[in-house]
Amino acid sequence: MNKLSQSLYRLSSGLVTLAALVVFILFMIFVLPGQAQKAEAVAGGAGSPDTSYFYSSADLNRMAEAYGEEGRAAYVYARFTFDLVFPVVYLAFLATSISWLLNKGVPEPDNKWRLLNLFPVLGAIFDYGENITASIFMMTYPSPLAWAGVLAPVFTLVKWFFVNGSFAVLLIAGALALWKGRK
């Protein structure tokens, strides 16, 4: 974990961070709205594991039923196209931004608080775990694999903890960088 954290610090120059920010913003403007519309059309008001914080295996079962065969296929397709890219986009933005700001706000290389730059990495890992398990559940419906129905909600909750936590860390890192810069 330390090596990965240090690698992110080495990678995160101002130019790399700016590029990641631009890609993130462009993705949010041009790609995400279209994907959200497609997901809503598939879900038909039944919700989606990806955008839920809390749901159960029974809720996942209700979603799979409501999606129908075409909707489940579209859900799985989206997880292995769009949702392979989106975690990389937010990971690049959050990891480089947090690392760049923490490098300024907490410059001591042995300070354990610098490991907070790994929050977005964990968010992306759990996002992929959610995508895989929810997709397995959808692909095996109407006889879904029970373990996928148990793991998907856990991965989703943990994903959101780390993704939302990453934005909180970003704000704190920005405040620390400003504070150090004023000294």
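Rules of the game
Residues numbered from 1 in each chain as written. Predicted model: local features only at pLDDT ≥ 70, side-chain atom pairs only at ≥ 80, totals over all residues. Heavy atoms only, no water. Helix = DSSP H or I, 4+ residues; strand = E, 2+ residues; numbered from the N terminus. Buried < 20%, exposed > 50% of the residue type's maximum accessible area, 1.4 Å probe, protein only. Contact = heavy atoms within 4.5 Å. Areas by Shrake-Rupley, 256 points an atom, 1.4 Å probe, with all protein chains shown as cover. Lys, Arg positive; Asp, Glu negative; His and termini not counted. Charge placed at Lys NZ, Arg CZ, Asp CG, Glu CD. Core = buried A, V, L, I, M, F, W, Y, C linked by side-chain atoms within 4.5 Å. Axes fitted to C-alpha atoms, helices over the stretch in contact; angles between N-to-C directions. Parallel < 35°, antiparallel > 145°, perpendicular 65-115°, else oblique. Nonpolar A, V, L, I, M, F, W, Y, C, P; charged D, E, K, R; others polar. Expected span 1.5 Å × (residues − 1). Salt bridge = Lys/Arg side-chain N within 4 Å of Asp/Glu carboxyl O.

Undergrad: Describe the overall build of the protein, and please don't skip the residues or the numbers.
TA: Broken down by element type, the protein carries 7 helices and 0 strands. Reading the secondary structure of the protein in the N-to-C direction produces α-α-α-α-α-α-α. With respect to the principal axes defined by its C-alpha atoms, the protein has extents near 60 × 30 × 20 Å. Buried positions account for 42% of the 183 residues belonging to the protein. Residue pairs in contact within the protein that sit at least 24 positions apart in sequence constitute 79% of those at least 6 positions apart. For the protein, the exposed area adds up to about 10000 Å²; of that, 72% sits on carbon and sulfur atoms. One way to put it: in the protein the 13 positive side-chain charges average out to a point 17 Å from where the 11 negative ones average out.

Undergrad: How would you explain the environment of Val121 if you had to name every residue and give the values?
TA: Following the sequence through the fold, Val121 ends up in helix H6 (residues 119-140). Along the sequence, Val121 and Leu151 sit 30 residues apart, while their C-alpha atoms lie 19 Å from each other. Beyond its immediate sequence surroundings of up to four residues, Val121 is in contact with Leu4, Leu8 and Leu91.

Undergrad: Which residues make up the nonpolar core, and what values do they have?
TA: In globular proteins that are soluble, nonpolar side chains generally tend to be buried together. Core analysis: the largest hydrophobic core is formed by 23 residues, its most contacted members being Tyr90, Phe93, Leu94, Ile98, Leu102 and Leu170. When contributions to this core are tallied by element, the ones reaching two or more residues are helix H2 (14-30), helix H5 (82-105), H6 and helix H7 (146-182). Excluding residues within four positions of it along the chain, Leu94 makes contact with Pro120, Ser166, Phe167 and Leu170. Core analysis: the next-biggest nonpolar cluster, separate from the first, contains 15 residues, Tyr55, Tyr67, Ala134 and Ala152 among them.

Undergrad: Can you tell me about the packing of H5 against H6, naming the residues and giving the values?
TA: Angle between the axes and distance between the axes: these two values describe a pair of packed helices. At a closest axis distance of 8 Å, the pairing of H5 and H6 adopts a crossing angle of 170°. Here H5 lies roughly antiparallel to H6, going by the angle between them. Across from Asp83, Leu84, Pro87, Val88, Tyr90, Leu91, Leu94, Ala95 and Ile98 in H5, the residues of H6 making contact are Pro120, Val121, Gly123, Ala124, Asp127, Tyr128 and Asn131. Residue composition of the contact of H5 with H6, by class: 12 nonpolar, 2 polar and 2 charged.

Undergrad: Break down the side chain of Asn117 for me, with residues and values.
TA: Positionally, Asn117 belongs in the loop between H5 and H6. Taking relative accessible area as the criterion, Asn117 reaches 0% and is therefore assigned buried. Other than its neighbours up to four places away in sequence, Asn117 contacts Ser5, Leu8, Tyr9, Ala95, Ile98, Ser99 and Leu102.

Undergrad: Residues and numbers for the packing of helix H4 (residues 57-79) against H6, please.
TA: It is the contact of H4 with H6, at a shortest axis distance of 8 Å, that shows an interaxial angle of 95°. As far as their axial angle goes, H6 and H4 are roughly perpendicular. Only Asn131, Ala134, Ser135, Phe137, Met138 and Met139 of H6 make contact with H4, whose side of the interface consists of Ser57, Leu60, Asn61, Met63, Ala64, Tyr67, Arg72, Tyr75, Val76 and Arg79.

Undergrad: Requested: an account of unusual backbone geometry, with residues and values cited.
TA: A cis amide bond links Tyr141 to the next residue, Pro142, at an omega of 20°. With respect to the element layout, Pro142 can be found in the loop between H6 and H7.

Undergrad: Can you break down H2 residue by residue, with the values?
TA: Between its first and last C-alpha, H2 extends 24 Å over 17 residues, near the 24 Å set by a 1.5 Å rise per residue. In this structure, the buried residues of H2 make contact with helix H3 (32-43), H5 and H7.

Undergrad: Talk me through the pattern of salt bridges; I want residue IDs and the actual numbers.
TA: Considering all chains together, one arrives at 5 salt bridges under this definition. For the salt bridge of Asp59 with Arg62, the shortest nitrogen-to-oxygen distance reads 2.2 Å. With Asp59 and Arg62 both in helix H4 and 3 residues apart, this pair spans about one turn of that helix. Linked through salt bridges whose partners overlap, the residues forming this network are Asp50, Arg79 and Asp83.

Everything listed is a geometric property; what it means functionally is a separate question.
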